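Spelled out, the chains give:
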Amino acid sequence: MRILVIEDEKDLAGIIKKGLEEEGYVVDTANDGEEGLYMAENFPADVIVLDIMLSVMDGLTMLTKMRKKGIDTPVILLTARDALIDKIKGLDTGADDYLTKPFVFGELLARVRSLIRRKSEVKQAVIRVGDLEINTASHAVKRGAKAITLSAREYMLLEYLAYKKDNVVSRTDIVEHIYNEDSEMDSNVVDVYINYLRNKIDKGFDKKLIHTVRGAGYMLKEE
Ligand code: CA
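Residues numbered from 1 in each chain as written. Predicted model: local features only at pLDDT ≥ 70, side-chain atom pairs only at ≥ 80, totals over all residues. Heavy atoms only, no water.

A. Representation of the overall build of the chain. If you tally the helices and strands in the chain, you get eight helices and eleven strands. Taken along its principal axes, the extent of the C-alpha atoms in the chain is 55 × 30 × 30 Å. In the chain, once contacts between residues fewer than 6 apart in sequence are set aside, the share between residues at least 24 apart is 58%. Accessible area for the chain stands at about 10,900 Å²; split by element, carbon and sulfur atoms hold 49% of it. In the chain, which carries 33 positive and 39 negative side-chain charges, the distance between the mean positions of the two groups comes to 6 Å. (Helix = DSSP H or I, 4+ residues; strand = E, 2+ residues; numbered from the N terminus. Contact = heavy atoms within 4.5 Å. Areas by Shrake-Rupley, 256 points an atom, 1.4 Å probe, with all protein chains shown as cover. Lys, Arg positive; Asp, Glu negative; His and termini not counted. Charge placed at Lys NZ, Arg CZ, Asp CG, Glu CD.)

This is how it looks when you write it as structure tokens:
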């Protein structure tokens, strides 16, 4: 999943980026509202973390313009403590949630997951596909009674397929939501990671859950 962080306090932006990346998210950052708007338009994110107090263009103005352009990416606003009016204005402007600074990082993560679920057809924190269980909070994965160890990238790929279970996910979709621009964009990389996942998820089980849809992409589905 791809997250856009728009925050002009460099230290805080860095901490948020690093923390999200440790969870396996792909993170883009922007330093002001104008750059943020450009990023939101050109690099579609799954969730946007938007500070209200920004230079060049403030967060609420940016949010208003973004919604006017029809960009419906879920937004978490970062507000100053006790700025109740900002929270009210923010929600009325089209934000989906807010978090008061300073916040505990675990709360940001929980709110990000909650917004990802809101946009997905999957509404549970633990996603089940057949006997496969993916805990999106702890990242624990098991199939039947067998615990499965995945690398951060393998996990994110599986989670992405799981949020879109029973739907075909194209290679382009996967590249856009799981990979950074600076990493290998080659769609062969997707095939390589799908193979890694198959070895861990499907190998040794009669029912295969990861399906190749010829000419379209991949699908996680119990058949
Ligand atoms: Ca700020």
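B. Inspection of the coordination of the calcium ion at higher detail. Protein-derived ligands of the calcium ion are Asp8 (OD), Asp51 (OD) and Met53 (O), with the metal-ligand distances lying across 2.1 to 2.4 Å. Every donor residue of the calcium ion comes from the same chain, spaced as D-x42-D-x1-M. The exposure class assigned to Asp51 is buried, which follows from its relative accessible area of 3%. (Donors = N, O, S within 2.8 Å, 3.2 Å for Na, K, Ca; no water. Buried < 20%, exposed > 50% of the residue type's maximum accessible area, 1.4 Å probe, protein only.)

C. View of the packing of helix α2 (residues 33–42) against helix α3 (residues 59–68). At a closest axis distance of 9 Å, the pairing of α2 and α3 adopts a crossing angle of 25°. Here α3 runs roughly parallel to α2, going by the angle between their axes. Pair α2 / α3 crosses with right-handed handedness. Counted together, Gly33, Gly36, Leu37 and Ala40 of α2 and Met62, Lys65 and Met66 of α3 form the full contact between these two elements. (Axes fitted to C-alpha atoms, helices over the stretch in contact; angles between N-to-C directions. Parallel < 35°, antiparallel > 145°, perpendicular 65-115°, else oblique. Left-handed = near helix turned anticlockwise from the far one by under 90°.)

D. Structural detail: the nonpolar core. In terms of nonpolar packing, the biggest core is built from 50 residues, with Tyr25, Val141, Leu158, Ile174, Ile201 and Leu220 touching the most fellow members. It is helix α6 (residues 152–163) that provides the largest number of residues to this core, a total of eight residues. Ranked by size, the runner-up nonpolar core spans 20 residues in total, among them Leu37, Leu50, Met66 and Leu77. (Core = buried A, V, L, I, M, F, W, Y, C linked by side-chain atoms within 4.5 Å.)

E. Looking closely at helix α5 (residues 105–119). The terminal C-alpha atoms of α5 lie 22 Å apart, and with 15 residues this matches the ideal 21 Å at 1.5 Å per residue to within 8%. Three or more residues of α5 are buried, namely Leu108, Leu109, Val112, Arg113, Leu115, Ile116 and Arg117. (Expected span 1.5 Å × (residues − 1).)

F. Quick peek at the packing of aromatic side chains. For the structure on display, the rule yields one aromatic pair. Taken together, a centroid distance of 5.1 Å and an interplanar angle of 80° make the contact between Tyr193 and Tyr196 edge-to-face. Here Tyr193 and its partner Tyr196 are both found in helix α8 (residues 187–201), three residues apart, which amounts to about one turn of the helix. Just above the ring of Phe205 sits the side chain of Arg143; from NZ or CZ to the centre is 4.2 Å. (Phe/Tyr/Trp six-rings, centres within 6.5 Å; stacked < 30°, edge-to-face > 60°. Lys NZ or Arg CZ within 6 Å of the ring centre and 35° of its normal.)

G. Representation of α6 within the structure. The first and last C-alpha atoms of α6 sit 16 Å apart over twelve residues, in line with the 16 Å expected at 1.5 Å per residue. Of all the twelve residues making up α6, ten are buried; the element is thus mostly covered by neighbouring parts of the structure. Among all positions of α6, only Glu154, Tyr155, Met156, Leu157, Leu158, Glu159, Tyr160, Leu161, Ala162 and Tyr163 are buried.

H. A look at the pattern of salt bridges. Throughout the structure, instances matching the rule amount to 16 salt bridges. Between Glu41 and Lys69 there is a salt bridge, with its nearest N and O atoms 3.6 Å apart. In this pair, Glu41 sits in helix α2 while Lys69 sits in the loop between α3 and β4 (75–79), placing the two residues 28 residues apart along the sequence. Its relative accessible area of 42% is what places Glu41 among the partly exposed residues. (Salt bridge = Lys/Arg side-chain N within 4 Å of Asp/Glu carboxyl O.)

Everything listed is a geometric property; what it means functionally is a separate question.
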